[in-house]
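Chain residues, written in single-letter form:
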Amino acid sequence: MHAYRTHTCGQLRKEAVGQRVRISGWVNRRRDHGGLLFIDLRDHYGITQCVVEPDEAAFAQADRCRSEWVVTITGPVVARTPDTVNKENPTGEIEIRIEEINIESMAQELPLPVFGDMDYPEDTRLKYRFLDLRRERIHKNITLRSKVISSIRRRMIEQGFTEFQTPILTASSPEGARDFLVPSRMHPGKFYALPQAPQQFKQLIMVAGFDRYFQIAPCFRDEDARADRSPGEFYQLDLEMSFVTQDDVFAAVEPVLHGVFEEFANGRAVSPAPFPRIAYDESMLKYGVDKPDLRNPIVIADVSEVFARDDVEFKAFKNKTVRAIPAPGAASQPRSFFDKLNDWARGEMSAPGLGYIVFEDDGGKLAGKGPIAKFIPEPALSALAQKSGVKAGDALFFSADAKKDRAAALAGQARIRLGRELGLIREGEFKFCWIVDFPMYEWNEEEKKIDFSHNPFSMPQFDRAKFLALDQADKDTILGLKAYQYDIVCNGLELSSGAIRNHDPDVMLKAFEIAGYAREETETKFAGMLNAFRFGAPPHGGTAPGIDRIVMLLAGEENLREVTMFPMNQQAQDLMMNAPSDVTQKQLRELHIRVVQPETK
RNA sequence: GGGGGCGUAGCUCAGUUGGUUAGAGUGACGGCCUGUCACGCCGUAGGUCGCGGGUUCGAGCCCCGUCGCUCCCGCCA
């Protein structure tokens, strides 16, 4: 018989009754009935109940066992009587009579119980991650993650993609996120950077003539964390294709994402492919964000011109962009509901407020109620109702600002809030869409200059000759430029960002010049890529869905830590391994590094 | 860098208007119990109320500061 096990803890069924078996695992739970002792033994595969009575040889040893001790149990499989079968457990029709029990390892009193599914403090969970990972829910999530990655890999390979690895130690690049730097020992004062994404490498792979590349790629960005953004490192399904249009990329990615979501949806509905495409400008108008949650039925409308009418006397909204956010059925909400939203807008969103009108039925006609209703005569009220699609029983909130972007943003946040508070979000659905036609550039108000809006490597949607001829005087044209740049969004989460790339060195130099990079500077900083583009670069494009976010959605979790095996905390510390940590003077000397601590107050 | 929330037993939490000796559940330990599967019953131990200062006759509670965790804003091509 094997030293540790003949079966796993999730394996034995009625058919095994009569066999003498051996299983090993952790003591999940111990139930001492005095005359009879139960031990539920747990491993990766399941839980098996084991039982021993006081007059049996193994009793004394079994009686010593405590939660999370690791033991090996040997004995015959016996059938349980019908009234003692546990239908909740796949092994619940049998149990093992303990003939021998061997203690492999003991456990101290636990800082965090494995059994049960209560919430525990984040720092305790992270410090004792190995215990946390034994718990059913997160153990399942991590296993799901592995299955999702296998499925993605299989689907990509089936579609003719080839997996390549790219360097982890590379060069720091301007633009984008803050880099993690790695000092060079052999080149004093110089640094490697960890890749924010294999962006340039995958484009070089295309130039090298490999087509349809993919990689489950680690990405490193030294930026602050969010619930849906891991500190430091995360994984992307990075992919790139040659000789493709935007439509070709969509056609390649949709079946993979749709397929993997269907596979693990467990009854939840998944948007059929092709996913709807929403232009960036349309998304900012209708949803107030560039990552709309389409499970939320609320659609924002622009009503600026209604408030501009001469018969509307509400001065606060004159000469402003005004967006209307319908709140279906909100007319029956108490006054506090409206006050709370207004407080939120004034506080958290630092807006002047969130006006509203409640629509009621007045003998077959719509009547407006609420603080600002008296400023709006009937014809204007009808125009509002018509533009926003509200009816009697609904409320209409208003977001107004002299700056269009701010009005849109507040409206977007209000839409999300209203959707949640009114219970309008349809759970159990995965609603995908593409956001397309992102602006190429945006105005940087602080530095009074033009910045790249998203990916500097995107191809502008503009005639090549005209693009090369652009200059400072064409600011409006430049800020109106769209790029072949697209995001995949699911349930309000940005799952991926991609683009048809700019493979033309002249257009690239011009694109960077517009964003304030002198030609020599671009030549130096992107030498590898520019140089490559001068030796025959194929038109190419791709995208990079976030693996962690995909798994988070499929696992139904709200935080990436629930689907990451060994995550860092929000301050980018690994509480289990104690990273980051001090290093020795010797190490620093070898790296030609001297530490200058920040001044303390 | 900024804002919100939280911090009381190993763990999850309660703790009234500032008032005597800070409680419960769970876990640990001991005892009882032959069919449980969140077993049940009895008992014991377990506390720098995050830390420091202040107000007060008196602070877990109020004030100031500080630290930790978390969520959000900034940031994230």
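Quick caveat: nothing in here was measured; it's all calculated off a predicted structure.

Definitions and limits used
- Residues numbered from 1 in each chain as written.
- Chains lettered and ligands numbered in written order.
- Predicted model: local features only at pLDDT ≥ 70, side-chain atom pairs only at ≥ 80, totals over all residues.
- Heavy atoms only, no water.
- Salt bridge = Lys/Arg side-chain N within 4 Å of Asp/Glu carboxyl O.
- Helix = DSSP H or I, 4+ residues; strand = E, 2+ residues; numbered from the N terminus.
- Buried < 20%, exposed > 50% of the residue type's maximum accessible area, 1.4 Å probe, protein only.
- Pairing = 2+ DSSP bridges.
- Contact = heavy atoms within 4.5 Å.
- Axes fitted to C-alpha atoms, helices over the stretch in contact; angles between N-to-C directions.
- Left-handed = near helix turned anticlockwise from the far one by under 90°.
- Near = heavy atom within 4 Å.
- Polar contact = N/O pair within 3.5 Å; in protein donor to acceptor, adjacent residues only side chain to side chain.
- Nonpolar A, V, L, I, M, F, W, Y, C, P; charged D, E, K, R; others polar.

With that settled, consider the pattern of salt bridges. Counted under the stated rule, the structure contains 52 salt bridges. Close ionic contact of K510 with E513 constitutes a salt bridge, the shortest N to O distance being 3.7 Å. Of this pair, K510 and E513 both sit in helix α14 (residues 505–514), three residues apart, which is roughly one turn of that helix. Its relative accessible area of 9% is what places K510 among the buried residues. Residue classification places E513 among the partly exposed positions, given a relative accessible area of 32%. Here the residues in one salt-bridge network are R125, R129, D132, R135 and E562, joined through shared partners.

Our next topic: the pairing of strand β1 (residues 20–32). For β1 and strand β4 (residues 70–79), the ladder comprises seven bridges, and the chain directions are antiparallel. Each bridged residue has a counterpart across the sheet, and for R22 the counterpart in β4 is T74. Sheet topology places β1 next to strand β2 (residues 37–43); six bridges connect them, and they run antiparallel. For R29, the partnering residue across the bridge sits in β2 and is D40. Taken together, β1 and the strand that follows it, β2, pair antiparallel across an intervening segment of four residues, in which G34 is found at a positive phi of about 75 degrees.

What follows covers the sheet that holds strand β24 (residues 493–500). Taken together, eight strands build an open sheet; the order of strands is β7-β10-β11-β25-β24-β23-β20-β13 and the sheet is mixed. Both outer strands of the open sheet, β7 (162–163) and β13 (277–279), are each paired with one neighbouring strand and no more. Along the sheet face, helix α17 (residues 547–555) touches β10 (213–221), β11 (232–242), β23 (485–490) and β24 and points at about 145 degrees away from the line of β24.

On to the packing of helix α6 (residues 246–264) against α17, then. One can describe the packing of α6 onto α17 by two numbers: an axis separation of 10 Å at closest approach and a directional angle of 35 degrees. For the crossing formed where α6 meets α17, the hand is right-handed. Of α17, the residues touching α6 (which contributes L257, V260, F261 and F264) are I550, L553 and L554.

Let us look at the environment of H503. Relative to the assigned elements, H503 resides in the loop between β24 and α14. The sequence separation of H503 and R185 amounts to 318 residues, and the corresponding C-alpha distance is 35 Å. With sequence-adjacent residues up to four places away left out, H503 is seen in contact with M459, F533, A537, P538, P539 and H540.

Taken together, 47 residues are adjacent to RNA strand B, and R29, D32, P121, H454 and N455 come closest. Restricting the count to atoms of RNA strand B within 4 Å of the protein gives a sugar and phosphate share of 49%. N86 has a polar side-chain atom sitting 3.1 Å from a base oxygen of RNA strand B. Elements supplying a minimum of two residues to the surface near RNA strand B: β1 and β5 (94–97). For the surface near RNA strand B, the element with the highest residue contribution is β1, accounting for three residues. Residues of the surface near RNA strand B, tallied by class, amount to 14 nonpolar, 16 polar and 17 charged.

Here helix α10 (residues 378–388) has its buried residues at A380, L381, A383, L384, A385 and S388. The inward-facing, buried residues of α10 abut β14 (301–302), α8 (304–308), β15 (321–327), β16 (355–362), β17 (365–369) and β18 (395–401). In the stretch just after α10, G389 is the one whose phi turns positive, near 75 degrees.

So, about unusual backbone geometry. Residues other than glycine predominantly adopt negative phi, and peptide bonds predominantly adopt the trans conformation. A cis geometry characterises the amide bond from A273 onward to P274, with omega recorded as 0 degrees. Structurally, P274 can be placed in the loop between β12 (269–270) and β13. With an omega of -5 degrees, the peptide bond running from A579 to P580 counts as cis. By the secondary structure assignment, P580 is in the loop between α17 and α18 (585–591). Positive phi outside glycine occurs at A572, with the angle close to 60 degrees. Residue position: A572 is located in the loop between α17 and α18.

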